[in-house]
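If you want the building blocks of each chain, they are given just below.
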Amino acid sequence: MKFFVDTADVDEIREIADSGLLDGVTTNPSLVAKSGRDFIEVLAEICALVPGPVSAEVAATEADGMLAEAERLLKVADNVIVKVPLTWEGLKACRSLSRDGVGVNVTLCFSAAQAILAAKAGAAYVSPFVGRLDDIGQDGMALIGEIRQIYDNYAGTLNTEILVASVRHPMHVVEAAKIGAEVVTVPPKILRQLVNHPLTDKGLAAFLADWEKTGQTIAGK
Ligand code: E4P
């Protein structure tokens, strides 16, 4: 499973990238607004920090406008993935970009029917938003299962990867992995939560206390 981080905060990305565990980044207009930075500048910095795919979302709503914006975004770096919304216009833009060999992330996916269309349009990634579905009382993870089943029916002919988005807690990551989604994009805070377990902390404290009693050192022997 690939791990993307869902943020436009360059400092956060740098810190997480240092772990060597990061495969890519997703941004969206709200995350860019939160960063308070110029989009193109921040995108260039992110692309330089992370060799993997970096999703950059268009703001136009018509396919022609999306394609013009995509052209600008693609000039920023080779690892830019163009992110388009799951609308007819977004699908048109996706079809055209994917025919030209451009990687496209079709975002704001909330149904299996939409995911079928994204794949049909040649998307490299489809982003179903599990947290936002949970928020309205629907089962976000059930959608991931449905899309997995559908895409598996066409294995070998479909190259669209399921990118689980709107992740709200570590169990979303675990469930996505159990279902076999190729990618999760995770806010930095949740990525850090993944490592936590109270028994790990307790066990480590006990090991360190016992080690101290031995009076030994390892390095420098
Ligand atoms: C995905 O690419 C989106 O940026 C993101 O996961 C949206 O999540 P949210 O529902 O927390 O805003």
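Look a little higher up for the structure.
As a starting point, this report considers the structure included with it. (Residues numbered from 1 in each chain as written. Predicted model: local features only at pLDDT ≥ 70, side-chain atom pairs only at ≥ 80, totals over all residues. Heavy atoms only, no water.)

Its location among the elements puts R148 in helix α8 (residues 140–153). Those residues in contact with R148 that sit more than four places away from it in its chain are I162, I179, G180, A181 and E182. (Helix = DSSP H or I, 4+ residues; strand = E, 2+ residues; numbered from the N terminus. Contact = heavy atoms within 4.5 Å.)

This paragraph deals with the packing of helix α1 (residues 10–17) against helix α3 (residues 39–49). Between α1 and α3, the least distance of the axes is 10 Å, while the angle of their chain directions is 5 degrees. When the axes of α1 and α3 are compared, the pair comes out roughly parallel. Between α1, through V10, I13, R14 and A17, and α3, the contact on the second element is made entirely by V42, E45, I46 and L49. Split by residue class, the contact of α1 with α3 holds 6 nonpolar, no polar and 2 charged. (Axes fitted to C-alpha atoms, helices over the stretch in contact; angles between N-to-C directions. Parallel < 35°, antiparallel > 145°, perpendicular 65-115°, else oblique. Nonpolar A, V, L, I, M, F, W, Y, C, P; charged D, E, K, R; others polar.)

Moving on: the pattern of salt bridges. A complete count under the given rule lists 13 salt bridges for this structure. A salt bridge links R192 to E15; the shortest N-O distance between them is 3.4 Å. Note that R192 is positioned in helix α10 (residues 188–193) and E15 in helix α1, a separation of 177 residues in sequence. Note on R192: relative accessible area 34%, which makes it partly exposed. Where R168 meets D135, a salt bridge forms, and the shortest distance between an N and an O atom there is 2.7 Å. One end of the pair, R168, is in the loop between β7 (161–164) and α9 (170–179); the other, D135, is in helix α7 (residues 130–135), and 33 residues separate them in sequence. (Salt bridge = Lys/Arg side-chain N within 4 Å of Asp/Glu carboxyl O. Buried < 20%, exposed > 50% of the residue type's maximum accessible area, 1.4 Å probe, protein only.)

Attention now moves to the environment of E175. Take E175: it is sitting in helix α9. Given a relative accessible area of 28%, E175 falls into the partly exposed group. Separated by 95 residues in sequence, E175 and V80 place their C-alpha atoms 28 Å apart.

One non-glycine residue, L108, lies in the positive phi region at around 65 degrees. With respect to the secondary-structure elements, L108 resides in strand β5 (residues 104–109). Accessibility expressed as a relative area gives 31% for L108, which makes it partly exposed.

What follows deals with the site of the ligand. What surrounds the ligand is the set D6, T26, N28, K83, F129, R132, A165, S166 and R168. One of the side-chain N or O atoms of S166 is found 2.7 Å from an oxygen atom in the ligand. Against a free-state accessible area of 350 Å², the protein chains account for coverage of 86% of the ligand. Looking at the shell around the ligand residue by residue, the classes come out as 2 nonpolar, 3 polar and 4 charged. (Near = heavy atom within 4 Å. Polar contact = N/O pair within 3.5 Å; in protein donor to acceptor, adjacent residues only side chain to side chain. Areas by Shrake-Rupley, 256 points an atom, 1.4 Å probe, with all protein chains shown as cover.)

Looking now at the pairing of strand β4 (residues 80–85). Most of β4 sits inside the fold, with 6 of its 6 residues counted as buried. Side-chain alternation along β4 places V80, V82 and V84 on one buried face and I81, K83 and P85 on a second face that is also buried. Bridge count for strand β3 (residues 54–57) against β4 is 4 bridges, and the pairing is parallel. If you follow S55 over to β4, its bridge partner there is I81. Tracing the backbone out of β3, into helix α4 (residues 63–76) and back to the parallel element β4 gives a crossover that is right-handed. For the handedness criterion, the β-α-β arrangement of β4, helix α5 (residues 88–99) and β5 is classed as right-handed. (Pairing = 2+ DSSP bridges. Right-handed = clockwise from strand over helix to strand, strands pointing away.)

Of the residues making up helix α6 (residues 112–120), those classed as buried are A112, A115, A118 and A119. The buried residues of α6 occupy an angular sector of 110 degrees when the element is viewed end-on, so they sit on one face. On its buried face, α6 sits against α5, β5, β6 (125–128) and α8. Positive phi appears at G122, one or two residues downstream of α6, with a value of about 85 degrees. (Arc of directions from axis to C-beta.)

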